[in-house]
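Each chain is listed here by its residues.
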Amino acid sequence: MSDNLVPEPQSTIFDAVNAVVGNEDEAQAIIANPSLAKDILGNDDASAVKSECCGGHGVQSQDHECACRSDGIELKGVDEIGRATAADVKEALHQVIDPELTPTLYRMATKGIQFTDYYQPAWGGSTTTGEFSNVTGLVPADVGMCMKQAVYQDLFLTMGHQLQKQNYYSAAYHNHNADYYDRNKTHTKLGYDRFLARYGGLEGITPVWPESDLEMIDISVPQYIDQQPFSIYYMTVSGHCGYSLKDNAMSRKNYDLVDYDGSEAVKCYLASQLELEKAMESLIRQLEEAGIANDTVIVISPDHYPYGLERSATWKNAKNYLKELYGVTEMNRFSRDNNALIIWSGCLEDKNLKVETPVYSLDILPTLSNLFGLDYDSRLLVGRDVFSDTEP
């Protein structure tokens, strides 16, 4: 067996937490946000989970989160590809996109390449597994550790690496803590010359939770907009749970902009997602002012469904608000994971391109590789180029 393969998963963080909790859904939620353990377990059990999950690195605070897993539902990585590679990871994107509430996202979703049947699997983890599948085009084998393990392999097929070889200026940005999920160690291995994040070179981010995607865009764009061509990756965070005025600074900031008569939880969820709308409006405006919007491709992809709206003691939800958000009475994994993928460029707006076949996150990388005319061996990737009828 080749030594270049990612090692087979051993005992996982999930196994350790689940052994204490005895409930898979609650174990997954605690891994995503260990501070919630106290809502399910007594103090002794909560301490045991922290010790297993974090190697006993001490009590987390708002400025230090468990680094072994990502924080639940990040709004997540905008990855602009081309002059800018934008794969924004954001949950239930299709439930947020609206011509009045989010006109910029609606423009991008309907005037770029339209994907009518897109899915982002949950993969048994949270942010890091979704991010891993989007960026590498591979199935995350070890929940919670997949990205850390993968960077020890040759990841030359990521868009970052492929465009780096074409002499693109490259950088990755995140508006939360630089060392969260060890991104300060992993993301330069994905094909980006530098990684800038809060407490790691990205200055000017307001210290609230969650942080502002708009601030990250406005701080970062001037750093690369004249460095053409460029390949930029954004991991955004404004849409992260929990969804209440108490817990979410972006919900408080945008609350009055949402006209919604349903539950407070769903209204706060929608309000938090508006920060991405503002960020994308600013990004496109700056690209248009620079005269390069037609030469820039923006890709926005989610990492997982918004499980922070599910019925759970962990998230302090007495009912399943996901059903309210989706407008359904029953839900299975396919309806739950049905989401949105955006591939937009100014030059695509009059092309009326539509993909109606089922597409999922592993198809992003081969599709973009072919759209950019890059040389790669499709046999090394699980997904397919959605515009090609050729067998891998």
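Cut-off values and rules
Each chain carries its own residue numbering, running from 1 in the written order of its sequence. Confidence filtering applies because this is a predicted model: local features only for residues at pLDDT of at least 70, side-chain atom pairs given and counted only at 80 or more, and all residues used for totals across whole chains, interfaces and linings. Each side-chain value is worked out from all heavy atoms of the structure, with water and hydrogens disregarded. The term nonpolar core refers to a set of buried residues drawn from Ala, Val, Leu, Ile, Met, Phe, Trp, Tyr and Cys, joined through side-chain atoms within 4.5 Å. For every residue, the accessible area (1.4 Å probe, protein chains only) is compared with the maximum for its type, and the residue is labelled buried under 20%, exposed over 50%, or partly exposed between those bounds. Runs of E in the DSSP output that reach at least two residues are strands. Runs of H or I that reach at least four are helices, and both are numbered from the N terminus. Contacts between residues were defined by any pair of non-hydrogen atoms, one from each residue, lying within 4.5 Å. Every residue gets a pLDDT, meaning the predictor's confidence in that residue, from 0 to 100. Take a side-chain nitrogen of Lys or Arg and a carboxyl oxygen of Asp or Glu: if they are within 4 Å of each other, that pair is a salt bridge.

**What to know about the nonpolar core**
Across soluble globular proteins, nonpolar side chains have a tendency to be buried as a group.
Stage number 1. Counting 30 residues, the largest nonpolar core has Met 108, Tyr 173 and Met 280 as the members making the most contacts within it.
Stage number 2. Looking at this core, the elements that each hand over two or more residues are helix H6 (103–111), strand E4 (169–177), helix H11 (213–224), strand E6 (230–235), helix H13 (264–289), strand E7 (296–300) and strand E9 (342–344).
Stage number 3. Looking at this core, the element that brings in the most residues is H13, giving six residues.
Stage number 4. Residues contacting Met 108, with those up to four places away along its chain left out, are Met 280, Ile 284, Ile 298, Ile 300, Ile 342 and Trp 344.

**Let's talk about the confidence of the model for the chain**
Parts of the model with low pLDDT should not have their predicted coordinates read in detail.
Stage number 1. When pLDDT is averaged along the chain, the result is 80, and 75% of the positions lie at 70 or above.
Stage number 2. Low confidence marks residues 38–92, where pLDDT is under 50. Its contacts with residues over four positions away, or in another chain, come to 250 contacts.

**Comments concerning the pattern of salt bridges**
Stage number 1. Tallied over the full model, the rule gives ten salt bridges.
Stage number 2. Its salt-bridge partner being Glu 349, residue Arg 107 comes within 2.6 Å of it at the nearest N-O pair. You can see Arg 107 sitting in helix H6 and its partner Glu 349 sitting in the loop between E9 and strand E10 (353–355), a full 242 residues away along the chain.
Stage number 3. By relative accessible area, Arg 107 is classed as partly exposed at 24%.
Stage number 4. The class of Glu 349 is partly exposed, set by a relative accessible area of 26%.
Stage number 5. In this structure, the salt-bridge partner of Glu 131 is Arg 183, at a minimum N-O distance of 3.4 Å. Here Glu 131, found in helix H7 (residues 127–136), pairs with Arg 183, found in helix H10 (residues 183–186); they are 52 residues apart in sequence, far enough to count as distant. One exposure class covers both Glu 131 and Arg 183, and it is buried.
Stage number 6. It is possible to trace a salt-bridge network through shared partners that takes in Arg 107, Glu 288 and Glu 349.

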